[in-house]
Amino acid sequence: MNTVALLSKKFGIYLASVLTAYFLAVVGASWHVADRLASMGVTLDAGDRLAMTARDLAGMAGMFVPIIAFGFLVAFLVTALLCRWPRALRASTCLALYALAGFVALVCIHVTLHLAFGLTPVAVARTVPGLIGQGLAGAVGGFVYRYLNEIIFPRSPFGIDA
């Protein structure tokens, strides 16, 4: 396999994990806002909720996708090192570590932005259950990353498997 093909596949897997986490995080946040509006007496039918979700997905992409991409980059690099050192780690352990890395990445994004700048870019992350929900979106993104890597590259493309 040539280098360009390898890197494009790796980037595609990474992008799929980032977009999965983004989609789940934004949809969860959008539905939370819709539920809060409904609790205040605003009537929203399914079409309104769907349109609101679509607007949020389009509107938050420019800000939130690069932040998630950077958070995942750091988290997945650290996790790759953790999965490389102890050779006794099974694939299921590494899968769990990548899911944990995605969870931690999204939680750290929200906590760091709040502590550094006093802002929370996604309103649902102001509460602990909302922050956990955002973390779960990151965990699914981490799971997707590791799972797709295992499917597309059952052996290391770099020839360093034992």
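What you are looking at is a predicted structure, and each value in this text was computed from that prediction instead of being measured. (Residues numbered from 1 in each chain as written. Predicted model: local features only at pLDDT ≥ 70, side-chain atom pairs only at ≥ 80, totals over all residues. Heavy atoms only, no water.)

**What to know about the confidence of the model for the chain**
So, point 1. Of the residues in the chain, 93% reach a pLDDT of 70 or more, and the chain-wide mean stands at 89.
So, point 2. The spread of mean pLDDT over the elements of the chain runs between helix H1 (residues 3-39), the lowest at 92, and helix H4 (residues 128-152), the highest at 95. (pLDDT = per-residue confidence, 0-100. Helix = DSSP H or I, 4+ residues; strand = E, 2+ residues; numbered from the N terminus.)

**Brief notes about the environment of Leu37**
So, point 1. Within the element layout of this structure, Leu37 appears in helix H1.
So, point 2. With relative accessibility at 27%, the residue Leu37 sits in the partly exposed group.
So, point 3. Setting aside chain neighbours within four positions, we find Leu37 in contact with Val42, Leu44 and Met52. (Buried < 20%, exposed > 50% of the residue type's maximum accessible area, 1.4 Å probe, protein only. Contact = heavy atoms within 4.5 Å.)

**Focus: the pattern of salt bridges**
So, point 1. One pass over the full model with this rule turns up 2 salt bridges.
So, point 2. The salt bridge partner of Arg49 is Asp35, with a shortest N-O separation of 3.0 Å. Placement of Arg49 in helix H2 (residues 46-84) and of Asp35 in helix H1 is noted, with a sequence separation of 14 residues between them.
So, point 3. Taking relative accessible area as the criterion, Arg49 reaches 24% and is therefore assigned partly exposed.
So, point 4. With a relative accessible area of 44%, Asp35 lands in the partly exposed category.
So, point 5. Put simply, Glu150 and Arg146 hold a salt bridge, and the shortest N to O gap is 2.8 Å. One end of the pair, Glu150, and the other, Arg146, are both in helix H4, 4 residues apart, so they sit about a helical turn from each other.
So, point 6. With a relative accessible area of 16%, Arg146 lands in the buried category. (Salt bridge = Lys/Arg side-chain N within 4 Å of Asp/Glu carboxyl O.)

**A look at the side chain of Thr53**
So, point 1. Here Thr53 is to be found in helix H2.
So, point 2. Given the relative accessible area of 7%, Thr53 is considered buried.

**Things to note about the state of the cysteines**
So, point 1. A complete count under the given rule lists 1 disulfide for this structure.
So, point 2. Put simply, Cys83 and Cys94 are joined by a disulfide, and their sulfur atoms are 2.5 Å apart. Taken together, the residues span a long stretch of sequence, with Cys83 in helix H2 and Cys94 in helix H3 (residues 91-117) at a distance of 11 residues. The pair formed by Cys83 and Cys94 is uniform in burial state, with each residue classed as buried. (Disulfide = S-S within 2.5 Å.)

**Comments concerning the packing of H2 against H3**
So, point 1. It is at 9 Å that the axes of H2 and H3 come closest, and there the two elements cross at 140°. By the angle between their axes, H2 is oblique relative to H3. H3 is crossed by H2, and the crossing has right-handed handedness. Every residue of H3 that contacts H2 at Phe64, Ile67, Ile68, Gly71, Phe72, Ala75, Phe76, Thr79, Ala80 and Cys83 is listed here: Cys94, Leu97, Tyr98, Ala101, Gly102, Ala105, Leu106, Ile109, His110 and Leu113. (Axes fitted to C-alpha atoms, helices over the stretch in contact; angles between N-to-C directions. Parallel < 35°, antiparallel > 145°, perpendicular 65-115°, else oblique. Left-handed = near helix turned anticlockwise from the far one by under 90°.)

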